[in-house]
Amino acid sequence: MPAASECATAASRRFTGVSQNRSLERGLEILRAFKPGTDLLGNGDLAERTGLSAATVSRLTQTLVTSGFLEHDRRARAYRLAAPVLSLGHAMHASSPVLRAATPLMREVSVKQRLNVGLASADRADMVYLESIRYNRKASLRTIVAGQRVPIELTSLGRAYLATLDAAMRDALLDQIRQGYRSATWKPIRADIDSAIAKVAARGYCVASWQPGVVALSTPLRPLGGPAMALNISLTTDDAPSAVAQRHAPHLLALKAGIEHELESQHPA
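Residues numbered from 1 in each chain as written. Predicted model: local features only at pLDDT ≥ 70, side-chain atom pairs only at ≥ 80, totals over all residues. Heavy atoms only, no water.

For the chain, an unreviewed UniProt entry supplies the name HTH-type transcriptional regulator TsaQ1/TsaQ2 and the organism Achromobacter mucicolens.

Dropping the structure here:
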């Protein structure tokens, strides 16, 4: 996985291009620096993660505290995300026409076929879950939730999304991701990505098993002419990925067709 210093370098490069509002862009980079499992970040941590200067970070964190998007812990001399950030996520989730159409159908498939079902969208080098329905009666084992990130290059979700990009865009994104890997490690990953893209073109879906004992199938979804997403089903199993695909690919593709039909009926041409 890319190191924090490499991510910071990539962030620094983003600020050298043309931007309509560099201050806003930099402020958003501060918010992006907070990840699950990270409670508090000081100005030094934020500077390292974003590639911004210490003076710039200090100015931006003060503004974000004043606007209510960060809380300042005086004792720790650090910051945490504040409630309005969560409110924005809730607003996006509640107002999405795609989720309104997809979620009931995803839940139906999850219960009927005893599968995990997810819908994700790309954000830089990650796929972000927009909805995640875990088929497990034990809440403690439902570990994937909306808002969680997974790597594009390793997951079936990410590889299905990559299949929607033209070659130039795909190569540019993969070149950025590749910088976080050693050459010997990256070579088989890239081969798996190319194979997955070919399978999406031929069959409409791809398969990956990047976590031990978990097999996932994903297919691209481009709702209402908007940004491409990826839809997946997954399960914990000792079966070979090919056997899982043979058994469950029809369920995934039927779910995709159902979501597309529902979206079309809600927004007729």
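A few points about the nonpolar core
Basically, it comes down to this: To define a nonpolar core, start from buried Ala, Val, Leu, Ile, Met, Phe, Trp, Tyr and Cys residues and group those joined through side-chain atoms within 4.5 Å. Note on exposure labels: buried denotes an accessible area under 20% of the residue type's maximum, exposed denotes more than 50%, and partly exposed covers the range between, all computed with a 1.4 Å probe on protein chains only. Secondary structure follows DSSP: runs of H or I at least 4 residues long count as helices, runs of E at least 2 residues long count as strands, and numbering of each begins at the N terminus. For this analysis, residues touch if any pair of their heavy atoms sits within 4.5 Å.
Met-106, Val-117, Leu-119, Leu-217, Leu-231, Leu-255 and Ile-259 are the most contacted members of the largest nonpolar core, which totals 26 residues. Broken down by secondary-structure element, the contributors of at least two residues to this core are helix 6 (97–113), strand 3 (116–123), strand 4 (126–133), strand 7 (214–221), strand 8 (229–236) and helix 10 (241–266). In terms of residues, this core owes the most to one element, helix 10, which gives seven residues. With sequence-adjacent residues up to four places away left out, Val-117 is seen in contact with Met-106, Val-109, Ser-110, Glu-131, Ser-132, Ile-133, Arg-134, Leu-231, Asn-232, Ile-233 and Leu-255. Core analysis: the second largest hydrophobic core is formed by 25 residues, Met-127, Leu-157, Ala-160 and Tyr-181 among them.

Notes on the pairing of strand 3
Stated precisely, the cut-off is as follows: The pairing criterion for strands is at least two bridges between them, as found by DSSP.
Of all eight residues that make up strand 3, seven are buried, and the element is covered over most of its length. Where strand 3 and strand 8 come together, six bridges link them in antiparallel fashion. Each bridged residue has a counterpart across the sheet, and for Ala-120 the counterpart in strand 8 is Ala-230. The pairing of strand 3 with strand 4 spans seven bridges and is classified as antiparallel. The partner of Ala-122 across the bridge, within strand 4, is Met-127. A loop of two residues connects strand 3 with strand 4, the two strands running antiparallel in sequence, and Arg-124 in this loop sits at a positive phi of about 60°.

Regarding the side chain of His-248
Topologically, His-248 is positioned in helix 10. Setting aside chain neighbours within four positions, we find His-248 in contact with Leu-115, Leu-217, Ile-233 and Leu-235.

Description of the sheet that holds strand 8
For clarity, the threshold we go by: Working convention: axes come from line fits to C-alpha atoms, limited for helices to the stretch in contact. Angles between N-to-C directions cover 0 to 180 degrees.
Within the open sheet, the six strands sit side by side as 5-4-3-8-7-6. Their pairing is antiparallel. The sheet terminates laterally at strand 5 (149–151) and strand 6 (206–208), the two strands that pair on one side only. Each neighbouring strand pair of the sheet contributes to a mean axis angle of 35°, computed without reference to strand direction. As judged from the three bridges shared by strand 4 and strand 5, these two strands associate in the antiparallel manner. Among the inter-strand pairings, Val-128 is bridged to a residue of strand 5, identified as Arg-149.

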